[in-house]
Amino acid sequence: MSGILELVRDDLRGFAGYKSARTEALQGEVWLNANESAWANPADINATSRRYPDPQPAALRGALAALYACDESQLLIGRGSDEAIDLLVRALCNPGTDAVLVTPPVFGMYAVCARLQDAPLLEVPLQETASGLQPDLDAVVRSAREGKAKLVFLCSPSNPAGSALALEDIARVAKALEGQALVVVDEAYGEFSDLPSATTLQATQPNIAVLRTLSKAHALAAARIGVVIADPALIEVLRRCQAPYPVPTPCAELALAGLSQEALAETRRRVETVRTERERLYAALSAMPDVRHVYPSQGNYLLARFSDAESAFRSLLAAGVVVRDQRAAPQLGDALRITVGSSEQNDRVISALQRIEVEA
Ligand SMILES: Cc1ncc(COP(=O)(O)O)c(C=O)c1O
């Protein structure tokens, strides 16, 4: 048995999952095996949606494997990385026993999925350091060992904190937890970061899974295309636990077109724009007296602490700008998270916040 399978729930290792009409390798001309309609819907101009889709559309798999420089056997496409998080928790954690470790304040879906699976949640808070809010990785390893974590979620770049992890730190955690836990590196914002992807560690450290998405830099949030990149044996298990047809054909077609050479070139230009704008917004916010602190960010957002976050939030809303109120998150009682927008949108943020400075 591949070592990674030891991390999978005993009862799911040999689970065959649902055998859909599309998983059977049959040949024919008249397909009457899935109770589909013989005619396309009048709105389906190209008649691409009449039949159930390929569960893992081959062309899109190829394009995503090329994009993330991995083998196709290491990749599972799902409905956003949200689905990958859910699948990982369900496939690895026995309810009531195997824990999920998170480093709050952090993206909330890890805890939601743990709750739905009745997996105990271990929380190792981020720590204030000279380079921003960072996980205490020694404490992560200690807590994972003591609390029997099966999954350790490391968000890099971290949402909302903005900090990213060095590869050697991720490798150290994975090595320390070998045979016990899968370290999941969520790189939803990886395109905006200076640091390389943790996929480069997987050859030597198979207990690392990486999450990527087309929702952020690739501007396809509504298409719901995300991937988990992991050991092929684990991918096989996740695939059998997944819903029968997770990738709708219109979404697969849009995603494939969105990964053409021209589209990728445009995405790269926009990522550069966001990175430049991020620094401009960082400088502008840092200069405002009402802003207590802005965290350096490797993502497409900035986390800022305000002396009066309520006024800042209201002023932005009054100017028609909606940002993420972080005040309910642990350690962030005075913080807002602002997505880096276009240059004009960022100007609007700056002038709305400058207005409160004047009014105060
Ligand atoms: C860190 C992180 N991971 C995953 C996701 C989910 O992304 P997707 O749209 O791929 O489900 C988000 C969405 O905001 C996120 O911030």
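Structure first, text after, so check above.
The structure presented is a predicted model; accordingly, all values stated were derived computationally and were not measured. (Residues numbered from 1 in each chain as written. Predicted model: local features only at pLDDT ≥ 70, side-chain atom pairs only at ≥ 80, totals over all residues. Heavy atoms only, no water.)

### Points about the sheet that holds strand 8 (residues 208–213)
Part 1 of the reasoning: Pairing is mixed in the open sheet, where seven strands are placed in the order 1-9-8-7-6-2-3. The open sheet has two edge strands, strand 1 (75–79) and strand 3 (121–123), and neither has a second partner. Sheet twist, expressed as the mean angle between neighbouring strand axes with direction ignored, is 25°.
Part 2 of the reasoning: The strands touched by helix 2 (residues 80–92) within the sheet are strand 1, strand 2 (99–102), strand 6 (149–155), strand 7 (182–186), strand 8 and strand 9 (225–229), with strand 1 carrying the most contacts at an inclination of about 115°.
Part 3 of the reasoning: Helix 6 (residues 232–241) rests against strand 1, strand 7 and strand 9 of the sheet, and its axis sits at about 30° to strand 1. (Pairing = 2+ DSSP bridges. Helix = DSSP H or I, 4+ residues; strand = E, 2+ residues; numbered from the N terminus. Axes fitted to C-alpha atoms, helices over the stretch in contact; angles between N-to-C directions. Contact = heavy atoms within 4.5 Å.)

### Details of unusual backbone geometry
Part 1 of the reasoning: In this chain, Pro 104 is followed by Pro 105 through a cis amide linkage whose omega measures 0°.
Part 2 of the reasoning: The omega torsion across Asn 159 and Pro 160 is 10°, close enough to zero to call that bond cis.
Part 3 of the reasoning: Take Pro 160: it is sitting in the loop between strand 6 and helix 5 (167–176).
Part 4 of the reasoning: The phi dihedral of Ala 47 falls on the positive side, at around 50°, and the residue is not glycine.
Part 5 of the reasoning: The residue Ala 47 is located in the segment before helix 1 (58–67) in this model.
Part 6 of the reasoning: You can call Ala 47 partly exposed: its relative accessible area is 44%. (Buried < 20%, exposed > 50% of the residue type's maximum accessible area, 1.4 Å probe, protein only.)

### Quick look at the site of the ligand
Part 1 of the reasoning: The ligand sits among 13 residues. The nearest are Ser 81, Asp 186, Thr 213, Ser 215 and Arg 224.
Part 2 of the reasoning: At 3.0 Å, a backbone N or O of Asp 82 approaches an oxygen atom of the ligand.
Part 3 of the reasoning: Within the contact set of the ligand, an oxygen atom lies 2.8 Å away from a side-chain nitrogen or oxygen of Lys 216.
Part 4 of the reasoning: Relative to its unbound accessible area of 400 Å², the ligand is 92% covered by the protein chains.
Part 5 of the reasoning: Spatially, the ligand is embedded in the largest pocket. (Near = heavy atom within 4 Å. Polar contact = N/O pair within 3.5 Å; in protein donor to acceptor, adjacent residues only side chain to side chain. Areas by Shrake-Rupley, 256 points an atom, 1.4 Å probe, with all protein chains shown as cover. 1 Å grid on protein atoms, 1.4 Å probe; cavity = no way out; pocket = protein on both sides within 12 Å on 5 of 7 lines; lining within 4 Å. Sits in = over half its atoms within 2 Å of the grid points.)

### Examining the pattern of salt bridges
Part 1 of the reasoning: Considering all chains together, one arrives at 27 salt bridges under this definition.
Part 2 of the reasoning: Notably, a salt bridge pairs Asp 169 with Arg 172, separated by 3.7 Å at the nearest N-O pair. With Asp 169 and Arg 172 both in helix 5, this residue pair falls three residues apart, about one helical turn.
Part 3 of the reasoning: Look at Asp 169 and you get partly exposed, because its relative accessible area is 26%.
Part 4 of the reasoning: One continuous salt-bridge network, built from bridges that share partners, spans Glu 128, Arg 292, Arg 305 and Asp 334. (Salt bridge = Lys/Arg side-chain N within 4 Å of Asp/Glu carboxyl O.)

### Examining the state of the cysteines
Part 1 of the reasoning: Counted according to the given criterion, the structure contains zero disulfides.
Part 2 of the reasoning: Free of any disulfide, Cys 70 has its nearest neighbouring cysteine sulfur in Cys 155, separated by 19 Å.
Part 3 of the reasoning: Taking the relative accessible area as the measure of exposure, Cys 70 reaches 14% and is therefore buried.
Part 4 of the reasoning: Summary of cysteine pairing: Cys 251 is not part of a disulfide, and the nearest cysteine sulfur, belonging to Cys 113, is at 20 Å. (Disulfide = S-S within 2.5 Å.)

### Section: the sheet that holds strand 12 (residues 324–325)
Within a sheet, neighbouring strands are paired by backbone hydrogen bonds and run either parallel or antiparallel to one another.
Part 1 of the reasoning: The four strands lie next to each other as 10-11-13-12, forming an open sheet whose pairing is antiparallel. Among the strands making up the open sheet, the edge pair consists of strand 10 (291–294) and strand 12.
Part 2 of the reasoning: Note that strand 11 (residues 301–306) and strand 13 (residues 335–339) share five bridges and pair antiparallel. The residue bridging Tyr 301 from the neighbouring strand is Thr 339, located in strand 13.
Part 3 of the reasoning: Set on the sheet, helix 9 (residues 309–318) makes contact with strand 11, strand 12 and strand 13; between it and strand 13 the angle comes to about 30°.

### Let's talk about the layout of surface pockets
Part 1 of the reasoning: Approximately 610 Å³ is the volume found for the largest pocket.
Part 2 of the reasoning: Forming the walls of the largest pocket are 30 residues, and the residues nearest its centre are Val 106, Phe 107, Gly 108, Asn 159 and Arg 324.
Part 3 of the reasoning: Every element with two or more residues in the lining of the largest pocket is listed here: helix 2 and strand 12.
Part 4 of the reasoning: Residue contributions to the lining of the largest pocket peak at four residues, all from helix 2.
Part 5 of the reasoning: A breakdown of the residues in the lining of the largest pocket according to their chemical character gives 15 nonpolar, seven polar and eight charged. (Points joined across faces, edges and corners; volume = space filled by probe spheres on them. Nonpolar A, V, L, I, M, F, W, Y, C, P; charged D, E, K, R; others polar.)

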